[in-house]
Amino acid sequence: MPVAKPEASDSRVIAHIDMDCFYVQVEQRKHPQLRGLPTAVVQYNSWKGGGLIAVSYEARNYGVKRSMRGDEAKEVCPEIQLVQVPVARGKADLNTYREAGSQVVSILARRGRCERSSIDEVYLDLTDAAERMLTETSPHSLETIIEEALKSHVLGITSREDGIDVKEKVREWLCKSDADRRDKLLACGVLIVADLRMQVLQETQFTCSAGIAHNKMLAKLASAMNKPAQQTAVPFSSVKGLLESFPIKKMKQLGGKLGSSLQTDLGVNTVGDLWQFSEGKLQERYGINTGTWLWNIARGINGEEVEGRLLPKSHGSGKTFPGPRALKNLPSVQHWLNELCEELSERLQSDLEHNRRIARNLTLHAHAYKPNDSDSHDKFPSKSCALRYGTLKIQEDAMNLFQVGLREFLDSSKVTQGGWGITGLSVSASKIIAIPSGTCSIKKYFQGQQPICSSSKPLEDGYIETTEHPSLSFSGDEDSTSVPIELPGQEASMQVPYFPCNGVDFGQEAAASTSGRESCSESNLVEPESTLPEEPRREPKTHALDQQVRKNLSVEKGKSSSILDFFRRADTNSPLQKQDQADKMQGRHQSHRRGSSQERETWHYKADEIDPSVINELPPEFQEEVRDWLRPLKRPNVVKGGSGVSIASFFSSTNKP
């Protein structure tokens, strides 16, 4: 639902950058011989030449449209060059285009806050840059103005009438010294965007179009007005003229039911038609929020901020199965869900490795039909759950979500029954957050790398995120911090406590360089107690590790008797091994292990948060040990009331002669 946001200021300078037929440009950069030729990128499905994904402007001049298929496009334009989109896992692979889009974003972000809204679209907040330019080098003081800026379209100022020097009119507008501050800032934005577009062309060989205005809504409308490789500015005085005849259904968020309601219920076909309705009337009809939003957009008011986001807010993978290709049984659905989840998992892992971000939510969407039900395509429910990293886990969760949705869709528990078909499937990962700096994997600790104190600031709330598997999660005392956030890692990995070094995190950067930092003293390392505390802890669903149970486990000869022993033997240079050796040399090993809880903190774990399936992924010699850890400790008999009477003693006393 649209949200009404008042503008903080009408002096903002916002630009919308839209790449010109981007997929075609990427292919033309890969194959320079295609430049200047009518070209289209087609789907991997070769039926009737494949559906057109992107069409070059040379092909559009022949009448080729994106709604055509390859064979039809060749009939309209026999010279057209059809390039198939890359294919992976039986579907289009867009990674090449995503990477090319990232190159463009890195250039545009040099001058202002940048929001990447899609593969080929970007919003820029240039207000600060325009303010600096106006203060330091105002346009009216410039002796020369780049040619690209003079080619700009300025609504209400320029026209393409014969006999008029358009460039000269643009120059006059840009350099007008008595213009109001809003127009001066907008003029600075025009110069900045023109320069950025030239940088994109020089560094990537891509052209783009742009709209420059005082808010995001107007900037997006303007960027589509003059394409390709052009830019359009919307002064505040020209907003009414732009919107007056603009079709209502082409406005953002008005292409669906709300726009149709405006047409049928109020007879509104253009934005200008909304002017006759008061804000109160619109609120009465559509609610306070939506009514205010409609009243605002009709007057070009939009307070939406440009988010500082260079990376996508979510990751997704989907595929359609039209007509006879619809999926009609669970095995076929499972196959394609596995393919989609594999791609999603790879993108999540890449995002983690390159951008240190994790996603927390997995969502499944589907389009389905039932016989004799024309409206059923809109009724398959979307389902979500917490995201578990790892391809197999994502595949398992996605299939479970699908089965839950299918039961609801069919209103029956018999999901294997016939009479349904799936025409579209997609999985997406959302609620992406950045991993705080100063964190690293616990593997580096056990692999014998000397932990180095990091200068990174401590994490908020005492949380530490690692790149290990979340299924084994321990909650410790004040010297060890639990891992509450689920993170990806190896299939057979686990999470263990995080130990601060003198109150400072073990940062990822610390493992790469020791310059200017001190090594952590071994005395700061904490290992588990060998015996249980004298009294059992009363924390709910939390139990101390039972060291005595582990000692009694039968282990094959030649194998490690404990996970801790395994890590000690894996690297004699590890801090744990060094600590044991130092203790033994000083003859205080046993007494130190029996020290007070102040000297050795006990590890704890939350049994109800552990995924049992992860145990099977551990080395065989560790599986039984971990299962023993998870078995709840028996509580001692507690006598209530101090009477010393038990059920057994009651019955035994009654049977005495």
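Residues numbered from 1 in each chain as written. Predicted model: local features only at pLDDT ≥ 70, side-chain atom pairs only at ≥ 80, totals over all residues. Heavy atoms only, no water.

## What to know about the overall build of the chain
In terms of helices and strands, the chain carries 23 helices and 19 strands. Contacts in the chain between residues at least 24 apart in sequence constitute 66% of all its contacts with a sequence separation of at least 6. When the accessible surface of the chain is totalled, it reaches about 33,400 Å², and 49% of it is carbon and sulfur. (Helix = DSSP H or I, 4+ residues; strand = E, 2+ residues; numbered from the N terminus. Contact = heavy atoms within 4.5 Å. Areas by Shrake-Rupley, 256 points an atom, 1.4 Å probe, with all protein chains shown as cover.)

## A word on the sheet that holds strand β10 (residues 208–213)
Strand order across the open sheet formed by six strands is β7-β8-β1-β10-β11-β9, with mixed pairing between neighbours. Strand pairing shows two members of the sheet lacking a second neighbour, β7 (113–118) and β9 (153–154), which therefore form its edges. Summarising the sheet, strand β1 (residues 14–19) and β10 pair through six bridges and their orientation is antiparallel. Bridge assignment links Ala-15 to a residue of β10, and that residue is Ile-212. Packing against the sheet, helix α4 (residues 95–108) makes contact with β1, β7 and β8 (121–125), and its axis sits at approximately 160° to β7. Packed on one face of the sheet, helix α8 (residues 181–204) meets β1, β8, β10 and β11 (231–233) and runs near 165° to β10. (Pairing = 2+ DSSP bridges. Axes fitted to C-alpha atoms, helices over the stretch in contact; angles between N-to-C directions.)

## Some points on the environment of Glu-305
With respect to the element layout, Glu-305 can be found in the loop between α13 (288–297) and β12 (315–320). According to the relative accessible area criterion, Glu-305 is partly exposed, its value standing at 38%. On a C-alpha basis, the gap between Glu-305 and Glu-115 in space is 9.6 Å, while along the polypeptide they are 190 residues apart. (Buried < 20%, exposed > 50% of the residue type's maximum accessible area, 1.4 Å probe, protein only.)

## Digging into the side chain of Asn-215
Relative to the helices and strands, Asn-215 is located in the loop between β10 and α9 (216–223). Taking the relative accessible area as the measure of exposure, Asn-215 reaches 1% and is therefore buried. In this structure the side chain of Asn-215 is engaged in a polar contact, spanning 3.2 Å, whose partner is the backbone nitrogen of Met-217. If sequence neighbours within four positions are ignored, Asn-215 has contacts with Glu-7, Arg-12, Ile-14, Gly-300, Ile-301 and Asn-302. (Polar contact = N/O pair within 3.5 Å; in protein donor to acceptor, adjacent residues only side chain to side chain.)

## What about the sheet that holds strand β2 (residues 39–42)?
The sheet built from three strands is open, its strands ordered β3-β2-β4 with mixed pairing. At either margin of the open sheet sits one strand with a lone partner, and together these are β3 (52–55) and β4 (81–84). The mean inter-strand angle of the sheet, taken between neighbouring strand axes irrespective of direction, is 25°. As paired strands, β2 and β3 are joined by three bridges and run antiparallel to one another. By the bridge assignment for β3, Val-41 is matched with Ala-54. Packed on one face of the sheet, helix α1 (residues 22–30) meets β2, β3 and β4 and runs near 105° to β2.

## Here's the deal with the nonpolar core
Of all hydrophobic cores here, the largest spans 54 residues; its most connected members are Ile-17, Phe-22, Tyr-23, Leu-108, Leu-124, Leu-174 and Phe-206. Among the domains, domain 1 (22–85) and domain 2 (97–244) are the pair contributing at least three residues each to this core. Residues in contact with Ile-17, not counting those within four places in the same chain, are Leu-108, Asp-120, Glu-121, Val-122, Leu-124, Val-193, Cys-208, Ser-209 and Ala-210. The next biggest cluster of nonpolar side chains, apart from the first, holds 35 residues, and it includes Leu-348, Ile-358, Phe-380 and Leu-401. (Core = buried A, V, L, I, M, F, W, Y, C linked by side-chain atoms within 4.5 Å. Domains from an automatic or database assignment.)

## A closer look at the packing of aromatic side chains
The description of an aromatic ring pair uses the distance of the two centres, along with the angle that the planes make with each other. Scanning the entire structure with this criterion turns up six aromatic pairs. Look at Phe-380 and Phe-409: their rings are 5.4 Å apart centre to centre, the planes differ by 40°, and that puts the pair in the tilted class. Of this pair, Phe-380 sits in the loop between β14 (361–369) and β15 (383–386) while Phe-409 sits in helix α15 (residues 391–410), placing them 29 residues apart in sequence. Accessibility classification places Phe-380 together with Phe-409 in one group, the buried group. An aromatic cluster is present here, built from Phe-380, Phe-402, Phe-409 and Trp-420 joined pairwise through their rings. Of note, Arg-60 hangs over the ring of Tyr-57, and the distance from its end group to the ring centre comes to 4.3 Å. Between Lys-370 and the ring centre of Phe-409, over which it is positioned, the NZ or CZ distance is 4.8 Å. (Phe/Tyr/Trp six-rings, centres within 6.5 Å; stacked < 30°, edge-to-face > 60°. Lys NZ or Arg CZ within 6 Å of the ring centre and 35° of its normal.)

## What about unusual backbone geometry?
In the segment running from Lys-227 into Pro-228, the intervening peptide bond is cis, with an omega of 0°. Even without a glycine there, the phi angle at Gln-253 is positive, about 75°. Locating Gln-253 in the fold gives a position in the loop between α10 (239–244) and α11 (257–266). Accessibility expressed as a relative area gives 45% for Gln-253, which makes it partly exposed. Despite not being glycine, Lys-431 has its phi angle at roughly 55°, a positive value. Residue placement: Lys-431 occurs in the loop between β16 (421–430) and β17 (433–434). Look at Lys-431 and you get exposed, because its relative accessible area is 53%.

## Here we look at the pairing of β10
Among the six residues in β10, six count as buried, and that is most of the element. Across the two faces of β10 the burial is the same, with Cys-208, Ala-210 and Ile-212 and Ser-209, Gly-211 and Ala-213 all buried. Here β10 runs beside β11; their pairing, made up of three bridges, is parallel. Paired with Ala-210 across the two strands is Gln-231, which belongs to β11. For the crossover that starts at β10, traverses α9 and ends in the parallel β11, the hand is left-handed. (Right-handed = clockwise from strand over helix to strand, strands pointing away.)

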